[in-house]
Amino acid sequence: MTTKQKVHIDRTPQFDIFAPITQSEVESKPVNPSHSSQRCFISPDAETIYLGNTSLKNYLELAGQKTPAIIASLLEEQDWSEFEALYKNTGRPPYAPRCMVGLILYGIMQGTTSLRALERLARMDLGCMWVSGGIFPDHANIGRFINRHAEHLTGSFFESIVKTVLRRTHSKGDRLAGDGTVVEAACSHYHLIREEAVKTALEEAQQQLEKAPEDPIKKADVEKKTDVFNKLQERQALRKRAGSKPEDIRISPVEPEAVVQKMKRGRGHAASYKPSVLVNEQRVVLAQAVDPSNEAAVIPEMLDQAGRITGSQPDELLLDAGYCCESVITTTLERDISLLCPEGRQPGELKKSKQFQKGHFRYDEVTDSYQCPAGQQLRLLYKPGNPDRPRAQWVYGGAPCDHCPLRSQCTTSKTGRRIRRFKVDDARDALKTAMEHPAAKAVFKKRQAMVEPVFGYLRTVQGLNRFRRRGLKAVRLEFSLHLLAYNLSRVAAAYFTAILWPIGRSIRALRLYTKNNAATLQIYNDGSITK
C-alpha cells in the first residue's frame, strides 16, 4: 500500500508592500517600542514579506543573494539609541532609524544616490526590502532623515560601523595607506567670477538693502555676498604668500567654499573639494575627511579618528609625494609613526620640474654645506639668532654660478643659487634616505593596491563623480555616507572571498597536478581520474 506525499504550502497572507501607507494602516505594520526609550517606531519584520507563497528570505537564498542578509545582520549589531533620542514621544510613529539607514546605504551600494531614486528602490528592489524591512518612505522623508542625523552619520555611527567591519573582516589598523582625490562640487563651472564681479555684486546688494533696510531677503542676500567676498580675500592672501597672482582666482557665488582646481582625468578646472581616506591592507576605510583644497592638512584629524577606532596609533603610514611636506613629517614624528613618503612618484625620484629643486642638492652634515648638481659647494651664509623659532632658517650659497653650464636650469639670480634649510629638513633627509632602502621600497609598493582601488570603486560603482550637496558641511556628510556604504561592501567581499578562495585554490592545485602528471594520468569517459 502506497501513500501520497503531502505537500505543505505556506498560505500566510502577503502584505501589500507596494501601496502607500496611511494613518489607518500604521497599526497593521509592526510598530515596536525602542529599547532605549518608550518611543514607538515603524519597524516591520522583513521575514513577513512574501512573494506569492515564497518568503522573501527563501527567495533571496535561492537566488544566491547573500549581500542583503550580510548588511542586515551588520546593521542589527549597531546601537541606534543616539538616532532614536532625537524623536519626540508624541505624534505619528516614525520609521525606525535602522530601517532608514539600511535603505540609504544599500541604495548607495547600488549606485543610487538621489532621493527620488532611493524612493523607487525601496519599492522595487527585493534586496533593499530585506535590508530595510520593507518600508517605503518618500524622498522628502529620506532627505529629512539624512539632515536630522548628519552629526551621527559623520561621527559616532561611522566609527561604530568601522569597528564592526574590522571585526567581521579580521583586519587591523597597524599599517595604513592614505590618499586624496578631487571631486567636482555641485555648481556650474561656467558661472565662476573674479574679484571685480564679486565687488560689483556686493555693492548692488548693499544698495538694494539701503532702499529697504528691514527686508529679510535683502539682508540674507548681503550676508551671502559678503561671505563670498571674504572667502575670496582669504584665498587671495594664501595665493599671494605662495608667490602666485591673486587676481587670477575665480570663485563660485553659489558654492564659495569650493576651490577651483584641476580635475582628474583631464577634465579641466572646476570648483571642487578634496576628500581623503586612510585604509588598511584589507582596503577598509578607517578614517575620512574633506578639505576644500589641502589634503595634507587633514592628516592629523584622520589619524585621531583611526586611533579612536582601533584604540592605538598606526605603526606605519604610506603616503604619496603630495604629502611630503613639513606638516605631515612633523605630525608623524610627534606620534612616533613610521612614515614612508617619497618626494616623487617613486622612491628615490624627485618631482618633475624644469628647474632644479631643493631635493637635487645633497646636504653634507659633516661640512655643513650643500652640493649642487654641477658638483659645486654651497656654504653656510646665514645662521638664525634663535634656532628654536618654528620657522628658523639657515641660508647656503656662494657657489660660482656665473659660468656654470647648468645655470639656466638652476637660477636667474645675480648672486647665484641659494638654499634655505629649516629644522624639519633633518627629518626630511632621514626620510629620503629611508625611502632608498630596498625594504622600504617593498613595503611602499603595497600603498597603491591598498588605497587606489577605493576611489576607483567610489567613482565607478557608487557614482561619486560629483557631489550633489552644497557647502563643506553637507559635502562631508555625503562623502561619509558613501564610505559607510563602501565599508559594508568590504564585509560582503570578505564573505565571498572566504567561500570562493578555498574552491579556487583547490581548482588551481588540481590543474597543476594534472599538468605535472599528464603522462601518468588516464581520464575516463565517466569523468573519473586515475593513475
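What counts and how
All residue numbers refer to position in the chain's written sequence, counted from 1. Note on the predicted model: pLDDT of at least 70 is required for a residue's local features to be given, and 80 or more for side-chain atom pairs to be given and counted; whole-chain, interface and lining totals, by contrast, use all residues. Only hydrogens and water are removed before side-chain values are computed, so all heavy atoms of the structure are retained for them. Residue-level confidence of the predictor is summarised by pLDDT, bounded by 0 at the bottom and 100 at the top. In this analysis, two residues are considered to be in contact whenever any of their non-hydrogen atoms come within 4.5 Å of each other. Segments assigned H or I by DSSP are reported as helices when at least four residues long, segments assigned E as strands when at least two residues long, and all are numbered from the N terminus. Burial status follows relative accessibility: with a 1.4 Å probe on protein chains alone, a residue under 20% of its type maximum counts as buried, one over 50% as exposed, and anything between as partly exposed. Whenever a nitrogen or oxygen atom comes within 3.5 Å of another N or O atom, the pair is scored as a polar contact, on the condition that within protein one atom can donate a hydrogen and the other can accept it, and that pairs from neighbouring residues in sequence are kept only if both atoms are in side chains. Note on aromatic contacts: the rings of Phe and Tyr and the six-membered ring of Trp form a pair at centre separations within 6.5 Å, being stacked when their planes are under 30 degrees apart, edge-to-face when over 60 apart, and tilted otherwise. One side-chain nitrogen of Lys or Arg within 4 Å of one carboxyl oxygen of Asp or Glu is enough to make a salt bridge.

Can you break down the confidence of the model for the protein chain residue by residue, with the values?
In this model, the protein chain carries an average pLDDT of 85, and 84% of its residues clear a pLDDT of 70 or more. For the stretch residues 6-11, pLDDT sits under 50, and the model shows three contacts to residues farther than four places along the chain or on other chains. Long-range and interchain partners of residues 519-531, a stretch whose pLDDT sits below 50, account for 13 contacts in this model, where long-range means more than four residues apart.

Just give me the short version of the side chain of Gln462, but keep the residues and values in it.
Within the fold, Gln462 resides in the loop between α17 (446-460) and α18 (472-516). Residue Gln462 is classed as buried on the basis of its relative accessible area, which comes to 0%. In this structure the side chain of Gln462 is engaged in a polar contact, spanning 3.1 Å, whose partner is the backbone oxygen of His482. Only 3.4 Å separates the side chain of Gln462 from the backbone nitrogen of Tyr486, close enough to count as a polar contact.

Which residues make up the packing of aromatic side chains, and what are the values?
The description of two aromatic rings rests on the distance between their centres and on the angle between their planes. A full pass over the atoms with the stated rule returns ten aromatic pairs. Pairing Trp80 with Phe157 gives two aromatic rings, centres 5.1 Å apart and planes at 40 degrees, and the pair type is tilted. Linking Trp80 in the loop between α2 (67-76) and α3 (81-84) with Phe157 in helix α9 (residues 156-169), this pair joins segments that are 77 residues apart in sequence. Judged by its relative accessible area of 3%, Phe157 falls in the buried class. Their ring planes at 80 degrees and their centres at 6.2 Å tell us that Tyr273 and Phe467 sit as a pair that is edge-to-face. Of the two residues, Tyr273 sits in strand β8 (residues 269-279) while Phe467 sits in the loop between α17 and α18, which places them 194 residues apart along the sequence. Judged on exposure class, the residue Tyr273 and its partner Phe467 are both buried. Through a chain of ring-to-ring contacts, the aromatic side chains of Trp80, Phe83, Phe145 and Phe157 assemble into a single cluster.

Please set out the pattern of salt bridges residue by residue, giving values where relevant.
Counting across every chain of the model gives 20 salt bridges. Lys57 is the partner of Glu47 in a salt bridge, and the nearest nitrogen-oxygen pair spans 3.9 Å. You can see Glu47 sitting in the loop between β2 (40-42) and β3 (50-51) and its partner Lys57 sitting in helix α1 (residues 56-62), a full ten residues away along the chain. According to the relative accessible area criterion, Glu47 is partly exposed, its value standing at 44%. According to the relative accessible area criterion, Lys57 is partly exposed, its value standing at 35%. With a closest N to O distance of 3.2 Å, Arg447 and Glu452 form a salt bridge. For Arg447, a relative accessible area of 7% puts it in the buried group. Look at the salt bridges and you will find they share partners, linking Glu77, Arg167 and Arg168 into a network.

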